[in-house]
Amino acid sequence: MNKLKYTALLLLLPLIPLRSQVTGYERFVQLSGIITDKSHSPVQGVAVISRKLHRAAISESTGIYSITTVPGDTIVFRAVGFKRYHTIIPPDYDDKHCKADIILETDTIPIAEVKILPWRTYSEFLADVTKEKPKDPVIEYMNENLASIYVAISNEVNVGISPEAAFKYATEQNFSSMATRNMFPVNNLLNPIAWVRFIGEVKHGLLKNKTFNKPEPAKVIKKKKKPQRK
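Reading the values: rules and limits
- Residues numbered from 1 in each chain as written.
- Predicted model: local features only at pLDDT ≥ 70, side-chain atom pairs only at ≥ 80, totals over all residues.
- Heavy atoms only, no water.
- Patch = residues over 30% accessible without salt bridge, like charges linked within 9 Å, V, L, I, M, F, W, Y side chains within 5 Å.
- Areas by Shrake-Rupley, 256 points an atom, 1.4 Å probe, with all protein chains shown as cover.
- Salt bridge = Lys/Arg side-chain N within 4 Å of Asp/Glu carboxyl O.
- Helix = DSSP H or I, 4+ residues; strand = E, 2+ residues; numbered from the N terminus.
- Phe/Tyr/Trp six-rings, centres within 6.5 Å; stacked < 30°, edge-to-face > 60°.
- Buried < 20%, exposed > 50% of the residue type's maximum accessible area, 1.4 Å probe, protein only.
- Contact = heavy atoms within 4.5 Å.
- Pairing = 2+ DSSP bridges.
- Axes fitted to C-alpha atoms, helices over the stretch in contact; angles between N-to-C directions.

Caption draft 1: Representation of a nonpolar patch on the surface in the model. Judged by side-chain polarity, L189, L190, W195, F198, I199 and V202 come together as a nonpolar surface patch covering roughly 610 Å² of accessible area. By the secondary structure assignment, F198 is in helix α5 (residues 192–203).

Caption draft 2: A look at the packing of aromatic side chains. Evaluation of the coordinates by the stated rule reveals 5 aromatic pairs. Considering the side-chain rings of Y65 and F77, the 5.3 Å spacing of their centres and the 85° angle between planes classify their relative orientation as edge-to-face. A residue pair is termed long-range when its members are at least 10 positions apart, and Y65 in strand β4 (residues 64–69) and F77 in strand β5 (residues 74–78) qualify at 12 residues. With respect to class, Y65 is no different from F77; both count as buried. Ring geometry for Y122 and F125: centres 5.9 Å apart, planes at 35°, overall tilted. With Y122 and F125 both in helix α2 (residues 122–130) and 3 residues apart, the pair spans about one turn of that helix.

Caption draft 3: Focus on the side chain of T36. With respect to the helices and strands, the residue T36 is situated in strand β1 (residues 29–36). For T36, the residues in contact, after removing those within four places along its chain, are S41, P42, V43, I102, I103 and L104.

Caption draft 4: Highlighting the sheet that holds β5. Sheet architecture is open: 4 strands sit in the order β3-β2-β5-β6, paired in antiparallel fashion. The sheet is open, and its two edges are formed by β3 (55–58) and β6 (85–88), each paired on a single side. Ignoring strand direction, the axes of neighbouring strands in this sheet form an average angle of 20°. Here β5 runs beside β6; their pairing, made up of 4 bridges, is antiparallel. Paired with F77 across the bridge in β6 is Y85.

Following this line, the structure appears as structure tokens:
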């Protein structure tokens, strides 16, 4: 008799709903939204964690996220460089979808200035600084060229390297650029009007020296013959 009772009980067990297997998470909620910073720029790579369901999601490059949760769950938003943020789904929330846009606050830690030097001790620093270093040949050539330019300018007549000379040179260059309107200087050798004017002035005696006196022909002095002695 007891065996029959046990057999009937085993057959009825699958048909009896076991309340112990019911977790209370029958109503799932799909939480979604956009994660941005204070400047309204989307934040990528934010970890969205559900504490009750032990699930997680990552925000996209556009800041959009989506995660499955339940009423009464706590959702944590965590990202590098931002302060941790959490929100709670109300226990009496009866909708299947929930939208929540999150604004994360940057997390900055001020630290003191750190100077990194390539020397381990002060003695190594002195030894490296006072050590004679080979000169760069490019810099030597440059110094020689500058010296030759200095000598060439100094040897010119009434020209010296001074602030006055630099101002004069800059003024002349400015006047030349204004006269030519930043174009190439005018070459009168290729100007036909200038050639016509030059030829006309030559015909009217441009190249003649009006104060020039024509030299007189030199007088030839004939030598007198001496009388021959008999």
